[in-house]
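# A closer look at the structure
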Amino acid sequence: MADDIHNIVILTGAGVSAESGLATFRGPDGLWEGHRVEDVATPEAFARDPDLVHGFYDARREKLRTVEPNAAHKALARLDEQWPGELLLVTQNVDDLHERAGSKRLLHMHGELTSGWCLRCNERFGWSGPMGMSAECPGCGTAGLVRPDIVWFGEMPYEMERIDEALRRCDLFVSIGTSGAVYPAAGFVQTASYSGARTLEMNLEPSLGSFLFDESRTGPAGELVPAWVDEILG
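Computed from a prediction, not measured in an experiment: that's the story for all the values here.

### With respect to helix α9 (residues 221-233)
When the terminal C-alpha atoms of α9 are compared, their 18 Å separation across 13 residues agrees well with the 18 Å that a helix rising 1.5 Å per residue should span. Listing the buried residues of α9 in full gives Ala-221, Gly-222, Leu-224, Val-225, Pro-226, Trp-228, Val-229 and Ile-232. Lining the buried residues of α9 we find β1 (7-12), α1 (14-18), α5 (71-82), β9 (172-176), β10 (198-203) and β11 (215-218).

Structure below.
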């Protein structure tokens, strides 16, 4: 499979981290950890009730400390380490499980739980533990203007130009554990396809955009991804 493949772009979504015990972004009831997404994941929600939003992400950050990377995260880190060509792992996830597994060629398009953003000086910085309205920016020292470094609804995902360039240059695009419902990520398969790349989806069940892929494999990421990595490296 890998003879004519040199550049790989991989997109991961909540289905990869679900097997580590992190809730998928939006459950079948439309809620995220018991909250309406509109109440915890928009700039308007933060302006309206910053304590609620901070409390939500503080709890997510605390939960993150109790989970570990799973077989899918570890397999992708092994691919990152051993793949001789270009590789970019783009994740929609805000957890740090890819990093903890060892992935280096990695981009968080929706931000990171373990990062804060100062709205006064525009600095981004590592953050662990509770944030809250009393959090101070380590750069400028301002308190009360630090928010989670998360891309909320209505905001532009990070590094879209870099992602778009990688998609147009790749020979293989792989989507793992994502619903295919949230743009712009849902359109990545089309960008890659139009540029001549082969496309592969791995998901617990076919996504909304599975018909756009050359191949769709269904099952747990912890089983499918290590098998695929063995195949591509073999």
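### Description of helix α4 (residues 50-64)
Taking 1.5 Å per residue as the helical rise, α4 with its 15 residues ought to reach 21 Å, and the 21 Å between its terminal C-alpha atoms agrees with that figure. Among the residues making up α4, those that are buried are Val-53, His-54, Phe-56, Tyr-57, Asp-58, Arg-60, Arg-61 and Leu-64.

### Some thoughts on the nonpolar core
Counting 23 residues, the largest nonpolar core has Ile-10, Ile-176, Val-225 and Trp-228 as the members making the most contacts within it. When residues of this core are traced back to their parent elements, those giving at least two are β1, α5, β4 (86-91), β9, β10 and α9. The greatest single-element share of this core, amounting to 6 residues, is contributed by α9. In this structure Ile-176 touches Ile-10, Leu-11, Thr-12, Gly-13, Val-16, Leu-76, Met-202, Ala-221 and Val-225, once residues within four positions along its chain are discounted. Membership of the second largest hydrophobic core comes to 17 residues, among which are Leu-88, Met-109, Leu-167 and Ala-192.

### Focus on the sheet that holds β4
Read from one edge to the other, the open sheet built from 6 strands follows the order β5-β4-β1-β9-β10-β11, with strand pairing classed as parallel. This sheet does not close on itself; its edge strands, each paired only once, are β5 (106-108) and β11. Taken pair by pair, the neighbouring strands of this sheet meet at an average axis angle of 15°, ignoring direction. Where β1 meets β4, 6 bridges bridge the pair, whose relative direction is parallel. Bridging across to β4, Leu-11 finds its partner in Val-90. Its contacts with the sheet put helix α7 (residues 160-169) on β1, β4, β5 and β9, and the angle it makes with β4 is roughly 130°.

### Some thoughts on the UniProt feature "binding site: Zn(2+)" (unreviewed entry) in the protein chain
What UniProt calls "binding site: Zn(2+)" (unreviewed entry) maps, in this numbering, to Cys-118, Cys-121, Cys-137 and Cys-140. The annotated residues occupy 23 residues of the chain but converge on a single region, no pair of C-alpha atoms lying more than 8.6 Å apart. Here Cys-121 is in contact with Cys-137 and Cys-140, once residues within four sequence places are set aside. Topologically, Cys-137 is positioned in the loop between β7 (124-126) and β8 (146-150).

### Here we look at the pairing of β8
Within β8, 5 of the 5 residues are buried, which leaves it mostly tucked inside the rest of the structure. Relative to β8, strand β6 (residues 111-118) is paired through 4 bridges, and the arrangement is antiparallel. Among the inter-strand pairings, Trp-117 is bridged to a residue of β8, identified as Arg-147.

### Here we look at the pairing of β4
By the criterion of burial, β4 is predominantly enclosed, with 5 of the 6 residues buried. Strand direction decides the pairing type here: β4 and β5, joined by 3 bridges, are parallel. What sits directly across from Val-90, in β5, is Leu-107.

### Some remarks on the state of the cysteines
A full pass over the atoms with the stated rule returns 0 disulfides. Distance from the sulfur of Cys-140, which forms no disulfide, to the nearest cysteine sulfur (Cys-118) is 3.8 Å.

### A closer look at the side chain of Asn-7
If you trace the backbone, Asn-7 turns up in strand β1. A distance of 3.2 Å separates a polar atom in the side chain of Asn-7 from the backbone oxygen of Arg-169. Dropping the residues within four chain positions of it, Asn-7 is found in contact with Glu-86, Arg-169, Cys-170, Asp-171 and Leu-172.

Cut-offs applied
Residues numbered from 1 in each chain as written. Predicted model: local features only at pLDDT ≥ 70, side-chain atom pairs only at ≥ 80, totals over all residues. Heavy atoms only, no water. Helix = DSSP H or I, 4+ residues; strand = E, 2+ residues; numbered from the N terminus. Expected span 1.5 Å × (residues − 1). Buried < 20%, exposed > 50% of the residue type's maximum accessible area, 1.4 Å probe, protein only. Contact = heavy atoms within 4.5 Å. Core = buried A, V, L, I, M, F, W, Y, C linked by side-chain atoms within 4.5 Å. Pairing = 2+ DSSP bridges. Axes fitted to C-alpha atoms, helices over the stretch in contact; angles between N-to-C directions. UniProt positions renumbered as here; feature names shortened; annotations may be inferred. Disulfide = S-S within 2.5 Å. Polar contact = N/O pair within 3.5 Å; in protein donor to acceptor, adjacent residues only side chain to side chain.

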